[in-house]
Protein chains: 2
Amino acid sequence: MTDATSIVLASRPKGTPSQDNFRQETHALPAPGDGEILVRVIWLSLDPYMRGRMDDAKSYAAPVELDAVMEGGVVGEVLESRAEGLAVGDIVTGSLGWTTHAVARADAVRKIDDPVAPLSTYLGVLGMPGLTAWVGLNKVIEMQQGETVLISAATGAVGGLAGQLAKAKGLRAVGVAGGADKCAFATDTLGYDACLDHRATDAATLRDQIGKAAPDGIDGYFENVGGKTLEAVLPNMAMNGRIAVCGMIAWYNGKGIDEAMPLPAVWRTILTQRLRVQGFLAPDHFHRFPEFIGEVGPLVRDGRIAVREDVAEGLDSAPGKFLEMLEGGNFGKTLVWVGDDP
Amino acid sequence: MTDATSIVLASRPKGTPSQDNFRQETHALPAPGDGEILVRVIWLSLDPYMRGRMDDAKSYAAPVELDAVMEGGVVGEVLESRAEGLAVGDIVTGSLGWTTHAVARADAVRKIDDPVAPLSTYLGVLGMPGLTAWVGLNKVIEMQQGETVLISAATGAVGGLAGQLAKAKGLRAVGVAGGADKCAFATDTLGYDACLDHRATDAATLRDQIGKAAPDGIDGYFENVGGKTLEAVLPNMAMNGRIAVCGMIAWYNGKGIDEAMPLPAVWRTILTQRLRVQGFLAPDHFHRFPEFIGEVGPLVRDGRIAVREDVAEGLDSAPGKFLEMLEGGNFGKTLVWVGDDP
């Protein structure tokens, strides 16, 4: 018998979540059945989409049930296996939740063979956030050499890779991030041509700053945040521009919803500029993992992609770290280090 | 010397336009110069986009200048020609304005050879509105057999053809129109599977009615109106649905803009349903005219497309008819009969 310590959803937040919405529990796991494995978690990923799972609202995925383990991607080590193709000691990744240990069906995980980079990157640049950045630029925005892209949350798990991929393809990349330190990192380390600090300004000024940083307009907007940034970007969209709607963290806690830009103005811009606005979610594109890894894996292996991680230690730090991330307090890919590398 | 009687823009409207914004004038035309023709107008088209041209605001086309002739598409007869390829008696179409006569460069018009249907249809189902319907369904929504489309302004110049083209391709077509008579025409004559009267209900009820008329959701929304209809359609959009943003007449006069649906809710639907929202304008697709005419021309010639026109007689009736159309008072393609057929 193995004990698992987990973070469960204790109650649903109204607006901004708090520590009270989470509860830590320890319980004995059943032994793995046929086709199942027992996994020890090494890394837990914290991502903005998890905020949506805390609400009991219709969304693209079912909400986390009350008293159930919070949803989350992990990298872990197989401790026991009753599944073909997976052996003790194998490293796997999958959505096993905020927990130290889990029993899972083998088809719920993906084996990581011969990792080309530290295991944590399989939750970041080589995991779902990385796939999201790559799909957003290549399949939704369909970036073309010589174009200008604007990437919000420019140093985050998704944005940080998106900016570097855009530069690698020869585009002009403008970032928007929260804070002077993040903006310096965006231009100095990630290679953005410019980065604007949305915390230092209002929407109208940000709009003018974007206009100066992208004098020919924005051909592709990688939308991770909504809110004030969206309001500042829209009037700067170039003719035939594309907006990849990937997230809207600024609105997740309900703030600013009433003051948001009126819909008719947005609809008018879509029409007059012939914009294409497209929502997309990484899980719809999991079949593209081989193509994505084939292209981005070597870049990461050779150190040509800068990786910045913001790590909290110990599962019990997950709720606090998650709340911090929702307010933009993270700097780079947010992770929880749950247990030692093998 | 030929006298032309024209309607000019006398002043810019604030909100809903009125007769005061227009003025009728008669002036002598210059003789056509090299490469020019003199045209006598037979039919003038009235279209919602003209409302945008009355404002002095940045849009996809320059505004009409004060005291200049109102912009508009016409069909007319060549009275004099100093241009190669055009002879006296030829029938041409082009954007010559709200006028009885005009001198124009030959490359500003398109010659109509061997018309397959009455000349007025070259401003409707075989003109820009028809091209708009065809492009919206085929190139923007990319309709597929078995899908469901919803078409607002279902009996208008664009919507009336869009519904019939969707049915011809084997889709389920749901219309939204203003009034019981228009809805009866939509189902009985145009072949819509269902039509909902937005004047008879509020947005919430309309939303539920759409849900019943499209039980599998809306795959393609042909957006001509914005406003309450958009609000009622959005929650009914199917996964991977497409919205072709073609117009938003409900908002053109500034009404209801403050009460419009909040942007965050729209953005969330785009994300969770993976929608593609795309603005488009017919002039970007003029190169598709031959393909469009090749497909739709024979349908019109053979009487397989129902054509309904709402005709005012005499150029001086144009302002009043235009104002009526903006309020949805037209029924079918709005036209002004300016002068006799040749």
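Per an unreviewed UniProt entry, chain A goes by Enoyl reductase (ER) domain-containing protein and derives from Tranquillimonas rosea.

## Observations regarding the overall build of chain A
When you go through chain A residue by residue, the secondary structure sums to nine helices and 15 strands. For a compact globule of 342 residues, the expected C-alpha radius of gyration is about 20 Å, and chain A comes in at 20 Å, within 12% of that figure. Expressed as lengths along the three principal axes of its C-alpha atoms, the size of chain A is roughly 60 × 45 × 35 Å. Counting only residues that meet the buried cut, chain A has 58% of its 342 residues in that class. Expressed as a percentage of contacts within chain A between residues at least 6 apart in sequence, the contacts between residues at least 24 apart total 67%. Side chains of chain A give 31 positive and 44 negative charges; the mean places of these two sets differ by 7 Å.

## Description of the pairing of strand β1 (residues 2-9) of chain A
Residue and element names in this part refer to chain A. Most of β1 is tucked away, with six of its eight residues classed as buried. As paired elements, β1 and strand β2 (residues 22-29) share eight bridges and run antiparallel to each other. Across the sheet, the residue bridging to L9 is F22, located in β2.

## Quick notes on the sheet that holds strand β13 (residues 276-279) of chain A
Spatial strand order, β10(A)-β9(A)-β8(A)-β11(A)-β12(A)-β13(A)-β13(B)-β12(B)-β11(B)-β8(B)-β9(B)-β10(B): twelve strands in an open sheet with mixed pairing. For this open sheet the edge positions go to β10 (194-197) of chain A together with β10 (194-197) of chain B, each flanked by a neighbour on one side alone. Across the sheet, the mean angle from the axis of one strand to that of its neighbour is 15°, orientation sign disregarded. Here strand β9 (residues 172-177) of chain A pairs with β10(A) via four bridges, running parallel.

## Considering the packing of helix α2 (residues 128-140) of chain A against helix α8 (residues 289-301) of chain A
Axis angle and axis distance: for two packed helices, these are the angle between their axes and the distance between the axes, and together they describe the pair. Residue and element names in this part refer to chain A. At their nearest, the axes of α2 and α8 sit 10 Å apart, and the two run at 95° to each other. Taken together, the axes of α2 and α8 lie roughly perpendicular to each other. Mapping the contact onto sequence places M128, G130, L131, W134 and K139 in α2 and F289, E291, F292, E295 and V296 in α8. Class assignment for the residues of the contact of α2 with α8 results in six nonpolar, one polar and three charged.

## Some thoughts on the interface of chain A and chain B
The partner chain B presents 32 residues to the 32 residues of chain A that form the contact. Between chain A and chain B, roughly 3200 Å² of surface is buried when both sides are summed, and carbon and sulfur atoms account for 70% of that area. At the boundary of chain A with chain B, the tally comes to two salt bridges. Among the salt bridges present, the one from A:R274 reaches B:D284, with a minimum N-O distance of 2.5 Å. At the surface where chain A touches chain B, the tally comes to seven residue pairs in polar contact (both at pLDDT 80 or more). Listed by contribution, the elements that provide at least two residues to the side of chain A that touches chain B are β12 (237-245), α7 (263-272) and β13 of chain A. Top element by residues in the side of chain A that touches chain B is α7(A). It accounts for eight residues. Here the residues of the side of chain A that touches chain B sort into 22 nonpolar, five polar and five charged.

## As for the relation of the copies chain A and chain B
The transform that puts chain A on chain B rotates by 180° and translates by 0.0 Å along the axis, for an RMSD of 0.0 Å. The transformation relating the two chain copies, once decomposed into turn and shift, fits a two-fold axis. Looking at chain A, 100% of its interface residues are interface residues in chain B too, so the copies touch through the same face.

## Topic: the domain arrangement of chain A
Residue and element names in this part refer to chain A. In terms of domains, chain A is made up of domain 1 (2-124 + 307-337) and domain 2 (128-282). Using C-alpha coordinates to define each centre, domain 1 is positioned 28 Å away from domain 2. Residue-level contacts link 19 residues of domain 1 with 14 residues of domain 2. Of the roughly 1400 Å² buried at the junction of domain 1 and domain 2 (both faces included), carbon and sulfur atoms supply 58%. Where domain 1 packs against domain 2, one counts one salt bridge. A salt bridge links E327 to K255, with the shortest nitrogen-to-oxygen separation between them at 3.1 Å. Between domain 1 and domain 2 we count five residue pairs in polar contact (both at pLDDT 80 or more) in total.

## Considerations on the pattern of salt bridges
Residue and element names in this part refer to chain A. Enumeration over the complete set of coordinates arrives at 42 salt bridges over all chains. For the salt bridge of R40 with E77, the shortest nitrogen-to-oxygen distance reads 2.7 Å. In this pair, R40 sits in strand β3 (residues 36-45) while E77 sits in strand β4 (residues 74-81), placing the two residues 37 residues apart along the sequence. Note on accessibility: R40 and E77 belong to one class, buried. We note a salt bridge from D302 to R301, for which the minimum N-O separation is 3.0 Å. When salt bridges with common partners are traced through the structure, they connect R23, E25 and D67 into a single cluster.

## Focus: the environment of A:E295
When you line up the elements, A:E295 lands in helix α8. When the C-alpha positions of A:E295 and A:E231 are compared, they lie 33 Å apart, and in sequence the two are 64 residues distant.

## Notes on the packing of aromatic side chains
Residue and element names in this part refer to chain A. By the definition in use, this model includes 16 aromatic pairs over all chains. With centroids separated by 6.1 Å and ring planes inclined at 55°, the aromatic side chains of W134 and F292 adopt a geometry described as tilted. Taken together, the residues span a long stretch of sequence, with W134 in helix α2 and F292 in helix α8 at a distance of 158 residues. Put simply, the rings of W134, F286, F289 and F292 pair up and form one aromatic cluster. Just above the ring of F289 sits the side chain of R110; from NZ or CZ to the centre is 4.1 Å.

## A few points about α8(A)
Residues spaced three or four apart along an α-helix face the same direction, because each turn holds 3.6 residues. Residues and elements named next belong to chain A. The largest bend in α8 amounts to roughly 30° and is located at E295, with the proline P298 lying one to four residues further along. Buried within α8 we find F289, F292, V296, G297, L299 and V300. Packing partners of the buried residues in α8 comprise β7 (109-111), α2 and α3 (157-168). Residue G303 follows α8 closely and has a positive phi angle near 75°.

Calculation criteria
Residues numbered from 1 in each chain as written. Chains lettered and ligands numbered in written order. Predicted model: local features only at pLDDT ≥ 70, side-chain atom pairs only at ≥ 80, totals over all residues. Heavy atoms only, no water. Helix = DSSP H or I, 4+ residues; strand = E, 2+ residues; numbered from the N terminus. Rg over C-alpha atoms; globule rule 2.2 N^0.38 Å. Buried < 20%, exposed > 50% of the residue type's maximum accessible area, 1.4 Å probe, protein only. Contact = heavy atoms within 4.5 Å. Lys, Arg positive; Asp, Glu negative; His and termini not counted. Charge placed at Lys NZ, Arg CZ, Asp CG, Glu CD. Pairing = 2+ DSSP bridges. Axes fitted to C-alpha atoms, helices over the stretch in contact; angles between N-to-C directions. Parallel < 35°, antiparallel > 145°, perpendicular 65-115°, else oblique. Nonpolar A, V, L, I, M, F, W, Y, C, P; charged D, E, K, R; others polar. Buried area = accessible area lost by both parts, 1.4 Å probe. Salt bridge = Lys/Arg side-chain N within 4 Å of Asp/Glu carboxyl O. Polar contact = N/O pair within 3.5 Å; in protein donor to acceptor, adjacent residues only side chain to side chain. Least-squares fit on C-alpha atoms with pLDDT ≥ 70 in both. Domains from an automatic or database assignment. Phe/Tyr/Trp six-rings, centres within 6.5 Å; stacked < 30°, edge-to-face > 60°. Lys NZ or Arg CZ within 6 Å of the ring centre and 35° of its normal. Bend = angle between axes of the 7 residues up to and from the residue.

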